[in-house]
Amino acid sequence: MTGTMRPQLQPPLTPFVDPLPLPRRILAGQGGGELTVRIRAAAHRFHRDLPESRVWAYEGLVPGPTVEAERGQPVRVCWRNEIDQPYPVVVTLAPAETDGDGVPVQCLPGLSGGTPDPDAAALTGYTVVHLHGAVTAAPSDGWTENVFAPGQHAVSDYPMDQRAALLWYHDHVMGVTRLTVYAGLAGLWIIRDQRERELGLPEGPPFEVPLLVQDRNFGQAAGGRLTGELVHKTDPGTMEAFAPFTVVNGKVWPVHEVPPATYRLRVLNGSNARTFRLVLLRDGRPELDRITQIGTDSGLLPAPVAVPADGLVLAPPSGPTCSWTSATSSRAASSPWPTPQAPRSTATHSPPPVPPRPPIQASSCPTPTSCASVP
Ligand SMILES: [Cu+2]
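Criteria and thresholds
- Residues numbered from 1 in each chain as written.
- Predicted model: local features only at pLDDT ≥ 70, side-chain atom pairs only at ≥ 80, totals over all residues.
- Helix = DSSP H or I, 4+ residues; strand = E, 2+ residues; numbered from the N terminus.
- Buried ≥ 20, exposed ≤ 12 C-beta atoms within 10 Å, placed from the backbone.
- Pairing = 2+ DSSP bridges.
- Axes fitted to C-alpha atoms, helices over the stretch in contact; angles between N-to-C directions.
- Contact = placed C-beta atoms within 7 Å.
- Core = buried A, V, L, I, M, F, W, Y, C linked by C-beta atoms within 7 Å.
- pLDDT = per-residue confidence, 0-100.

Regarding its fold elements, the protein presents 3 helices and 24 strands. Going through the 375 residues of the protein one by one, you find that 43% of them count as buried.

Shown next as structure tokens:
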């Protein structure tokens, strides 16, 4: 058993030290429903104590900007493929399913004796974008073979003729979607409508909080130090990666301090395979009476329902919405590691919320005649 395959009983990264990032917003209506999203190679820091990781990401951001659209107002997106760097993730198959102590090697940092997959390293940045959950005509639906190369772009028309919901957009290339989404190609998309607005739910920051939950793994140097290089590791018995670090809005185990209020959490599990069970805790104990599920993948539920006593199960990819009345600070995601001490309550003297960043102005798209043809 090598050092890298020893079970890690303490998290190798300190939880709850990075502030929860709120994804940048694009209000589609501000640009007349036309916008351009660049698909780029970039650097991203997943945790305070990690070096920067190389990623492929929409606008170079992990997660990509959240597009906010209105029912009945079509959106045209010009997806520009500007990827100019090699595939940023080390893909590997570890030689064993478990280490000498019975711990799945997938749940350990580093390569666990696996060698880098040369086929993954050779990915050239072909892309296609699928808006998951949208009612979309075939030419704009991001089918897996409708790829376009670096230097090309594709235009997609989204009618937005469906009820309010939380969707997400992600890469969808045939056979390698798990790898390209893992590299960072994912972002949220919110549809709003009048019916939902009549309910008076929180809309936008600070009381509507999008949470894109994913699991990620990182390389490990000889001394055990994490390198920041993204690692996608499977083992001989499992086709999918179950990575050990829970990443929310691009940060490992972030923390979000909030003043007492009612919050709307828009949660989406964008992992390849991992299922999460979300529980609202105070001092390590569930607080079921202060959180209610009001929505699911395709929009609002007919009526609010209580969150189950053992938590809200979130299979990938799925996106329930919860309304949460807060009297203290929140933790954005659970971790596979022992839970550290709960923070002290900040119920009545919380700092004011960080002012939200201004939304990105939607920019116009090239005329369709100048665009790559999408079969
Ligand atoms: Cu999808």
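The next subject is the sheet that holds strand β7 (residues 129-132). Within the open sheet, the 5 strands sit side by side as β1-β4-β10-β9-β7. Their pairing is mixed. Whereas interior strands pair on both sides, the edge strands pair on one side only; in this sheet they are β1 (25-27) and β7. Mean inter-strand twist for the sheet, computed between neighbouring axes without regard to direction, equals 25°.

The omega torsion of the bond from V62 to P63 falls at -5°, within 30 degrees of zero and hence cis. Relative to the assigned elements, P63 resides in the loop between β3 (53-58) and β4 (64-70). For the bond from P205 to P206, the omega torsion is 5°, close enough to zero to count as cis. In this fold, P206 is placed in the loop between α3 (194-197) and β11 (208-220). Phi at M160 takes a positive value of approximately 55°, unusual for a residue other than glycine. Phi is positive for D283, close to 50°, though the residue is something other than glycine. Secondary-structure assignment places D283 in the loop between β18 (281-282) and β19 (285-286).

Turning next to the environment of G250. Tracing the sequence through the fold places G250 in the loop between β13 (245-248) and β14 (251-252). Considered as a pair, G250 and P23 are 227 residues apart in the sequence and their alpha carbons are 8.9 Å apart. Once you skip the residues sitting within four places of it in the chain, G250 turns out to touch P21, H44, F46, V62 and P63.

Below, the discussion takes up the sheet that holds β3. Sheets are built from strands that pair by backbone hydrogen bonding, the pairs being arranged parallel or antiparallel. Pairing in this open sheet of 4 strands is mixed, and the strands run β3-β2-β5-β8 from one edge to the other. The open sheet has two edge strands with one neighbour each: β3 and β8 (153-158). Neighbour-to-neighbour, the strand axes of this sheet turn through a mean angle of 20°, independent of strand direction. Sheet topology places strand β2 (residues 34-44) next to β3; 6 bridges connect them, and they run antiparallel. Bridge pairing in β3 places A43 opposite R54.

Time to look at the pairing of strand β5 (residues 75-81). Counting buried positions along β5 gives 6 out of 7 residues, so the element sits mostly inside the fold. Sheet analysis places β2 next to β5, joined by 6 bridges and oriented parallel. Residue pairing in the sheet places I39 in a bridge with N81 of β5. The sheet contact formed by β5 and β8 spans 6 bridges and is antiparallel. Each residue of the ladder has a partner; that of R76, found in β8, is D157.

So, on to the nonpolar core. With 82 residues, the main nonpolar core has V89, L167, A183, W189 and V213 as its most contacted residues. Residues within four places of A183 in sequence aside, it is in contact with V55, W56, Y87, P88, V89 and L230.

A few words on the confidence of the model for the protein. Here the protein shows a mean pLDDT of 84. Residues at 70 or above account for 82%. Predicted confidence is poor over residues 1-8, with pLDDT under 50, and the contacts of this stretch with residues over four places away or in other chains come to 18 contacts.

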